[in-house]
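Listed here are the chains, written in short residue letters.
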Amino acid sequence: MITDVLTDAATRMDRAVEAAKEDFASVRTGRANPQLFQKILVDYYGTPTPLAQLASLNNVEARTIVVTPYDKSALKAIEQAIRDTPNLGANPTNDGSLVRVTLPELTEERRKEFVKIVRSKGEDAKVHVRGIRRKAKDDLDVLKDDVGEDAISRGEKELDALTRAHVDAIDDALKRKETELLEV
């Protein structure tokens, strides 16, 4: 019973760490990267649709991405969604068959702003991991009558170690991203 709770918590924490890493990847550094566009939703016939489902993304130059829509009628909507995306600073141009997105050079001020955004995302991920810990601890407390006080305290210690390991993994990913952002 206790192992089930710990296994479930570990799985959910692993997913939270992966989600944090994906969030970090969506913040741009100096180079253009198709992952920057993973979270962009395009209004496609009234339905918010991820950009990756509507078009192919190709990195043609260091600061340029070419977006080739599968349906040419979505071209204007894709261009508008990219333009409206906050913290991207992209300047999309539409030539009738594809959208060329040129990302501006990052200034030092903009890099520091991106570091703040990444730190905020990292803190949100850590809060999520702690929420998973809290839920698992509540689940362990429910089992107290069935398995005993000692087994529960051992389970809580394992849960705390698990939480610490996942928070440290988020911190490591955060430090790598900060270094990448501040690198000129």
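The coordinates are above.
This write-up is about the structure you can find in this document. (Residues numbered from 1 in each chain as written. Predicted model: local features only at pLDDT ≥ 70, side-chain atom pairs only at ≥ 80, totals over all residues. Heavy atoms only, no water.)

1. Description of the pairing of strand β3 (residues 55-61)
- Taken together, the six bridges between β3 and strand β4 (residues 64-69) define a ladder with antiparallel strand orientation. Looking at the pairing, E61 lines up with T64 of β4.
- Adjacent in sequence and paired antiparallel, β3 and β4 are bridged by two residues. (Pairing = 2+ DSSP bridges. Helix = DSSP H or I, 4+ residues; strand = E, 2+ residues; numbered from the N terminus.)

2. Quick notes on the sheet that holds strand β5 (residues 91-94)
- Ordered in space as β3-β4-β6-β5, the four strands form an open sheet in which the pairing is antiparallel. This sheet does not close on itself; its edge strands, each paired only once, are β3 and β5. For this sheet, the mean angle separating the axes of adjacent strands, direction not counted, is 25°.
- Packing of helix α3 (residues 75-84) onto the sheet brings it into contact with β3, β4, β5 and β6 (99-102), and relative to β5 it is tilted by some 170°. (Axes fitted to C-alpha atoms, helices over the stretch in contact; angles between N-to-C directions. Contact = heavy atoms within 4.5 Å.)

3. Let's talk about the nonpolar core
- Core analysis: the biggest nonpolar cluster contains 21 residues, and F37, L51, V67, I78 and I82 have the highest contact counts within it.
- Taken together, the elements giving at least two residues each to this core come down to α2 (51-54), β3, β4, α3 and β6.
- Residue contributions to this core peak at four residues, all from α3.
- Counting 19 residues, the second-largest nonpolar core is a separate cluster that includes L6, A16, A125 and L159. (Core = buried A, V, L, I, M, F, W, Y, C linked by side-chain atoms within 4.5 Å. Buried < 20%, exposed > 50% of the residue type's maximum accessible area, 1.4 Å probe, protein only.)

4. Points about the side chain of E79
- Examined against the element boundaries, E79 turns out to sit in helix α3.
- Apart from the residues lying within four places of it in its own chain, the contact partners of E79 are P92, T93, N94 and V99.

5. Looking at the packing of aromatic side chains
- Counted by the stated rule, this structure contains one aromatic pair.
- Between Y44 and Y45 the ring centres are 4.8 Å apart and the planes differ by 65°, which places this aromatic pair in the edge-to-face class. (Phe/Tyr/Trp six-rings, centres within 6.5 Å; stacked < 30°, edge-to-face > 60°.)

6. Things to note about the environment of L162
- Here L162 is to be found in helix α6 (residues 149-182).
- Considered as a pair, L162 and R133 are 29 residues apart in the sequence and their alpha carbons are 8.8 Å apart.

7. Some thoughts on unusual backbone geometry
- One non-glycine residue, Y45, adopts positive backbone phi at about 55°.
- Structurally, the position occupied by Y45 is in the loop between β1 (41-44) and β2 (47-50).

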